[in-house]
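# Survey of secondary and tertiary structure
Read off the chains here:
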Amino acid sequence: METDRLGPERPGPWTRGRVFRFAAPTGSAGPSGSLPPVGELDNTIAVITGAARGQGRSHAVALAEQGADIIGVDMCADVEAIPYPLATREDLDETGRLVAATGRRMVPVVADVRNLAQLEAGVAGAVAEVGDIDIVVANAGVVAIGNRDPHAEDVYTAIVETNLNGVWHTLLATVPSMIRNGRGGSIVLVSSSQGLTGRGGDGSAAMFGYAAAKHGVVGLMRSAASAYGPHRIRVNSVHPGGVATPMILNEFVAAKMMESPNPSVLSQALIPDAPIIDPKEVTEAVLWLVGPRSRFVTGVTLPVDAGHVAT
Ligand SMILES: NC(=O)c1ccc[n+]([C@@H]2O[C@H](COP(=O)([O-])OP(=O)(O)OC[C@H]3O[C@@H](n4cnc5c(N)ncnc54)[C@H](O)[C@@H]3O)[C@@H](O)[C@H]2O)c1
């Protein structure tokens, strides 16, 4: 099947019979208003893990604004080894309200990405409600900035089980639905600048676990891009630098920074005045990667880090 031509006579995997807004012939959805405007992700289903707050919420709302219905996964519970609170059920419901305000819907799934059976059951239940999956953003993650204990094995394990195993589990829980729907699709794995560089490593179990897991995500991404390419499923990773979310803006990190500032973590950006970026900057990259404008992009690592890893 041809994959390099878009137009009304050949609906793409994203359109289910409709044309892409940017590919539509002049006049079909223009300012004259003869047809309602079509979102780039109209009639798609997107699974987002870690959807209750932070970057996951930003991605959920933006994808919904472009027409996607959302399956929003979050554990909504704390992890003992992780020294800051994770999201709550109220946070996940708030994401659902924000998605609903765009005119789309979100099916909430309370599941722990570390637990494959729980994740598979939750996603399968949501798919039964809204239909097969087109888009996946594997975003759930934890960190333990400021815990400098080299022997904190519980911290290392929690980070690797969430940030690496959880991403693998997310692929297992979602890709069968994507293959079944036969429309192709796009998967974005959320890594980190710590998935491309070890700079900032301090010998702690927390930083070793985080860098190992986030580098591991690149291996998963490349292998998955190879495995799922024949199904026209693209797989890429994004690598944010510091992002203003509760993961780093919390009391534990603030206290640790007061005790012992570590400006090297923040000072590597090439672009001035961008030590910590807004989640919506990462969302812009995710939107491009999950949508039709990147239809021949697969297997790439895309930093969104103001140049942190560029040199
Ligand atoms: N904030 C940053 O500076 C930064 C930088 C680079 C990469 N990242 C990555 O971005 C992603 C999103 O992080 P964020 O900044 O939005 O942080 P966040 O803490 O605000 O959000 C993470 C979400 O993941 C959920 N979660 C955690 N463990 C889970 C589990 N086992 N199962 C299901 N859900 C779980 C949390 O409840 C929370 O809602 C993470 O993968 C993180 O590692 C963050």
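Worth saying up front: this structure is predicted, and the values here are computed from it rather than measured.

### Details of the site of the ligand
Surveying the vicinity of the ligand reveals 31 residues, the closest of which are D74, N139, Y210, V243 and T245. Contact distances for the ligand include 2.8 Å between a nitrogen atom and a side-chain N or O atom of D112. In the environment of the ligand, a nitrogen atom lies 3.0 Å from a nitrogen or oxygen atom belonging to the backbone of V113. Relative to its unbound accessible surface of 830 Å², the ligand loses 98% to contact with the protein. The residue inventory of the shell around the ligand, partitioned by class, reads 15 nonpolar, 11 polar and five charged.

### Let's talk about a negative patch on the surface
Taken together, E80, D149, E153 and D154 make up a surface patch of like negative charges. Within the secondary structure layout, E153 lies in helix α4 (residues 153–181).

### What about the sheet that holds strand β6 (residues 233–240)?
Within a sheet, each strand pairs with its neighbour through backbone hydrogen bonds, oriented either parallel or antiparallel. The parallel open sheet is built from seven strands, whose spatial order is β3-β2-β1-β4-β5-β6-β7. Every other strand in the sheet has two partners, leaving β3 (106–110) and β7 (301–304) as the edge strands with one partner each. Averaged over neighbouring strand pairs, the angle between their axes works out to 20 degrees when direction is ignored. Where β6 meets β7, four bridges bridge the pair, whose relative direction is parallel. By the bridge assignment for β7, P240 is matched with V304. Together, β1 (44–49), β2 (68–74) and β3 form the strand contacts of helix α3 (residues 116–130), whose direction differs from that of β3 by roughly 160 degrees.

### Quick word on the pairing of strand β4 (residues 135–138)
Neither face of β4 is open: one carries I135 and V137, the other V136 and A138, and all of them are buried. Two strands pair when backbone bridges link them, and β1 and β4 are joined in this way by three bridges, in the parallel orientation. Bridge pairing in β4 places A46 opposite I135. Both β4 and strand β5 (residues 185–190) contribute to a ladder of four bridges, which runs parallel. Note on β5: the bridge partner recorded for V137 is V188. Since β4 and β5 lie parallel, the crossover through α4 that links them has a hand, and here it is right-handed.

### Things to note about helix α2 (residues 89–101)
Residue pairs spaced three or four apart in an α-helix point in one direction, given the helix's 3.6 residues per turn. With 13 residues, α2 should reach 18 Å at 1.5 Å per residue; the first-to-last C-alpha distance of 19 Å fits that figure. Three or more residues of α2 are buried, namely L92, T95, G96 and V99. Along α2, the residues classed as buried sweep out an arc of 100 degrees about the axis, all on the same side. In α2, the exposed positions that point more than 90 degrees away from the buried face belong to E90, R97 and A101. Elements in contact with the buried residues of α2: α1 (54–65), β2 and β3.

### Quick word on the environment of T88
You can see T88 is positioned in the loop between β2 and α2. On the basis of relative accessibility, which here comes to 33%, the residue T88 falls in the partly exposed class. Between the alpha carbons of T88 and D74 there is a distance of 8.6 Å; along the sequence they are 14 residues apart.

### Let's talk about the environment of L171
Here L171 lies in helix α4. Judged by relative accessible area, L171 falls into the buried class, the value being 4%. With 35 residues separating them in the primary sequence, L171 and V136 have C-alpha atoms 8.3 Å apart. Beyond its immediate sequence surroundings of up to four residues, L171 is in contact with P176, I187, L189, A224 and Y228.

What counts as what
- Residues numbered from 1 in each chain as written.
- Predicted model: local features only at pLDDT ≥ 70, side-chain atom pairs only at ≥ 80, totals over all residues.
- Heavy atoms only, no water.
- Near = heavy atom within 4 Å.
- Polar contact = N/O pair within 3.5 Å; in protein donor to acceptor, adjacent residues only side chain to side chain.
- Areas by Shrake-Rupley, 256 points an atom, 1.4 Å probe, with all protein chains shown as cover.
- Nonpolar A, V, L, I, M, F, W, Y, C, P; charged D, E, K, R; others polar.
- Patch = residues over 30% accessible without salt bridge, like charges linked within 9 Å, V, L, I, M, F, W, Y side chains within 5 Å.
- Salt bridge = Lys/Arg side-chain N within 4 Å of Asp/Glu carboxyl O.
- Lys, Arg positive; Asp, Glu negative; His and termini not counted.
- Charge placed at Lys NZ, Arg CZ, Asp CG, Glu CD.
- Helix = DSSP H or I, 4+ residues; strand = E, 2+ residues; numbered from the N terminus.
- Pairing = 2+ DSSP bridges.
- Axes fitted to C-alpha atoms, helices over the stretch in contact; angles between N-to-C directions.
- Contact = heavy atoms within 4.5 Å.
- Buried < 20%, exposed > 50% of the residue type's maximum accessible area, 1.4 Å probe, protein only.
- Right-handed = clockwise from strand over helix to strand, strands pointing away.
- Expected span 1.5 Å × (residues − 1).
- Arc of directions from axis to C-beta.

The values reported here are purely geometric and, on their own, carry no functional implication.
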